[in-house]
Amino acid sequence: MKTILITGGAGFIGSHVVRLFVKKYSDYKIVNLDKLTYAGNLANLEDVEKEKNYEFVKGDIVDGEFINTLFTKYKFDGVIHLAAESHVDRSIVNPMDFIMTNIVGTVNLLNAAKNIWMENMDGKPCLPDRQAAGRKFYHISTDEVYGSLGKEGFFTEKTSYDPRSPYSASKASSDHIVRAYFHTYNLPVIISNCSNNYGANQFPEKLIPLCINNIKNNKPLPVYGKGENVRDWLWVEDHVNAIDLIYHSGKTGETYNIGGNNEWKNIDLVKQLCRIMDIKLGRAKGESEKLITFVKDRAGHDLRYAIDSGKLQKELGWSPSLQFEEGLEKTVDWYLKNEKWLNNITSGEYQKYYDNQYVKR
Ligand code: NAD
Ligand code: DAU
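Values in this document were obtained by computation on a predicted structure and should not be read as measured data.

Visitor: Got a minute to help me understand the side chain of Ser91 in this structure?
Guide: The residue Ser91 is located in helix H3 (residues 88–93) in this model. Judged by its relative accessible area of 0%, Ser91 is buried. Looking at Ser91, its side chain comes within polar contact range of the main-chain oxygen of Val88, at 2.7 Å. Apart from residues no more than four positions distant in its own chain, Ser91 is found in contact with Phe98, Ser165, Pro166 and Tyr167.

Visitor: Even after reading the chapter, I still don't get the site of ligand 2, so can you show me in this structure?
Guide: For ligand 2, the set of nearby residues contains 24 residues, the closest of which are Asp143, Tyr167, Pro222, Arg298 and His301. Within the contact set of ligand 2, a nitrogen atom lies 2.7 Å away from a backbone nitrogen or oxygen of Pro222. Relative to its free-state accessible area of 690 Å², ligand 2 is covered by the protein chains to the extent of 94%. Broken down by secondary-structure element, the contributors of at least two residues to the shell around ligand 2 are H3, helix H6 (207–216) and strand E8 (221–224). Per element, the largest residue contribution to the shell around ligand 2 is three residues, and it comes from E8. In terms of residue class, the shell around ligand 2 is made up of nine nonpolar, eight polar and seven charged.

Visitor: How do you make sense of the sheet that holds strand E7 (residues 196–198) when you look at a structure like this?
Guide: Strand pairing in a sheet relies on backbone hydrogen bonds, with the paired strands running either antiparallel or parallel. Ordered in space as E7-E9-E11, the three strands form an open sheet in which the pairing is mixed. Across the chains shown, the open sheet's two edge strands, defined by having one partner strand only, are E7 and strand E11 (263–265). Neighbour-to-neighbour, the strand axes of the sheet open up by a mean angle of 50 degrees, direction not taken into account. Here strand E9 (residues 230–235) runs beside E11; their pairing, made up of three bridges, is antiparallel. Paired with Val230 across the strands is Lys265, a residue of E11. The sheet strands contacting helix H7 (residues 236–249) are E7 and E9, and the helix crosses E9 at an angle near 70 degrees. Contacts from helix H8 (residues 266–281) reach E9 and E11, with the element oriented near 90 degrees to E11.

Visitor: Quick question: what am I supposed to make of the packing of aromatic side chains here?
Guide: Describing an aromatic ring pair means giving the distance of the ring centres and the angle of the ring planes. Scanning the model with the defined rule gives 19 aromatic pairs in all. Judged by centre distance (5.0 Å) and plane angle (85 degrees), the ring pair of Tyr38 and Phe203 falls under edge-to-face. Here the residue Tyr38 occupies a position in the loop between strand E2 (28–34) and strand E3 (54–58), and Phe203 occupies one in the loop between E7 and H6, the gap between them amounting to 165 residues. Assessed through its relative accessible area of 16%, Tyr38 is described here as buried. Relative accessible area serves as the criterion here: at 14%, Phe203 is assigned to the buried category. Feature note: the residues Phe21, Tyr25, Tyr28 and Tyr247 constitute an aromatic cluster, connected by ring pairs. In this structure, Lys114 packs its charged tip against the face of Tyr185, placed 4.5 Å from the ring centre. For the cation-ring pair, Lys136 lies above Tyr247, with the distance from its terminal atom to the ring centre recorded as 5.8 Å.

Visitor: Help me understand the pairing of E8 in this model?
Guide: Remark: a regular strand shows side chains that alternate across the two faces of the sheet. Across the two faces of E8 the burial differs, with Leu221 and Val223 buried and Pro222 and Tyr224 not buried at all. One ladder, built from four bridges, connects E8 with strand E12 (residues 292–295); its direction is parallel. Directly across from Pro222, in E12, lies its bridge partner Thr293.

Visitor: Hey, could you run me through the nonpolar core in this one?
Guide: Generally speaking, nonpolar side chains in soluble globular proteins are found buried as a group. Counting 37 residues, the largest nonpolar core has Ile6, Phe21, Ile80, Tyr138 and Ile258 as the members making the most contacts within it. Here this core gets seven residues from one element, more than from any other, and that element is helix H1 (residues 12–24). Contact partners of Ile6, with chain neighbours within four places excluded, come to Val17, Val18, Phe21, Ile30, Val31, Asn32, Leu33, Ile80 and Leu82. By size, the runner-up hydrophobic cluster in this structure holds 32 residues, among which are Ala200, Ile212, Ile215 and Leu221.

The rules behind each value
- Residues numbered from 1 in each chain as written.
- Chains lettered and ligands numbered in written order.
- Predicted model: local features only at pLDDT ≥ 70, side-chain atom pairs only at ≥ 80, totals over all residues.
- Heavy atoms only, no water.
- Helix = DSSP H or I, 4+ residues; strand = E, 2+ residues; numbered from the N terminus.
- Buried < 20%, exposed > 50% of the residue type's maximum accessible area, 1.4 Å probe, protein only.
- Polar contact = N/O pair within 3.5 Å; in protein donor to acceptor, adjacent residues only side chain to side chain.
- Contact = heavy atoms within 4.5 Å.
- Near = heavy atom within 4 Å.
- Areas by Shrake-Rupley, 256 points an atom, 1.4 Å probe, with all protein chains shown as cover.
- Nonpolar A, V, L, I, M, F, W, Y, C, P; charged D, E, K, R; others polar.
- Pairing = 2+ DSSP bridges.
- Axes fitted to C-alpha atoms, helices over the stretch in contact; angles between N-to-C directions.
- Phe/Tyr/Trp six-rings, centres within 6.5 Å; stacked < 30°, edge-to-face > 60°.
- Lys NZ or Arg CZ within 6 Å of the ring centre and 35° of its normal.
- Core = buried A, V, L, I, M, F, W, Y, C linked by side-chain atoms within 4.5 Å.

Quick look at the structure:
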């Protein structure tokens, strides 16, 4: 049985990755390592927590000693690294958390993997045949490392990095370090850079769940600037299918871009959400749109992201499965049905659970 470490598995995308791996691969033991920051929520994983091939470990990737001990104990065969501080607005207010988790935390994981997977512990280049043992360090990253596009063009895997927020700079930095461990130590790494995800279990600070929650509660919908910024939205389960494919069939040392080919101006997206919510809540047409409020723009707000995922499509046969209109409606339905999940977050109740379950241990 292979033991796979998934970091950040209590978060939005991580919980979908954990679920797919636990359910699809009964011959893998999945260890979910998560610090349970404000963004971590074990309620995301209630349906898998009792599975025999699943284990949760509470811990901080910034704690290098703890990470080394964990790797020595479990002797992981593979790592899928999602743990991160992920919200751009928070990185503008408090960059240091992003530097610590996204950069230092990633280096701790790389060192620990190198230590247990490689013969040479003294920094000399590792023996190539050690790679053949099927080990893999997969770093989940973002399209934001490429910077901001004008009205035309797409990010490809060859686009130069040009990160512009503390969040994207921390992710770009960790991508560079991951690649450095491949070139310097032969550590078998893979990176993917994905566009904006949406779907069930996304923390309601991000645009789509924030708007769903605010529309429901008749609160203002804060649209930054004029709402002209463009994002490429991808159904989270399509991202997770890509992760599965890349983890198992991707080429060591390579980077893969993942995107939905689905660009929306923020204002058009918010209006679309309003239309769906009017129908779902039985409101008069146009009622929810009245909540739209233009607010001060995000500092350094990137204008447009658009991903060319041609390499992933051609080489590994991936393509997104869900049309955005359908995915958005499914997402709205999920949030309306899972009122308790949402209310536990907005009230802070979900974190009290951790105090009892884990912190006091
Ligand atoms: P999230 O904020 O929902 O979840 C992050 C998880 O990491 C949480 O469970 C949190 O508790 C955990 N975590 C944070 N700091 C930690 C630490 N020091 N030690 C251990 N665990 C820690 O994030 P997400 O949106 O699910 O994103 C997951 C990954 O995917 C991130 O690396 C992000 O950069 C990347 N990504 C996200 C998107 C997106 O649209 N959300 C798109 C592309 C790439
Ligand atoms: O592109 C991938 C990235 O997508 C991921 O790497 C990040 O982890 C993820 O958070 C996301 O970043 P964004 O900044 O694009 O997502 P967010 O939902 O915060 O914002 C989407 C767009 O909506 C962005 O242009 C800012 C705008 N916005 C956001 C919020 C929260 C608003 O206009 N109002 C808001 O209240």
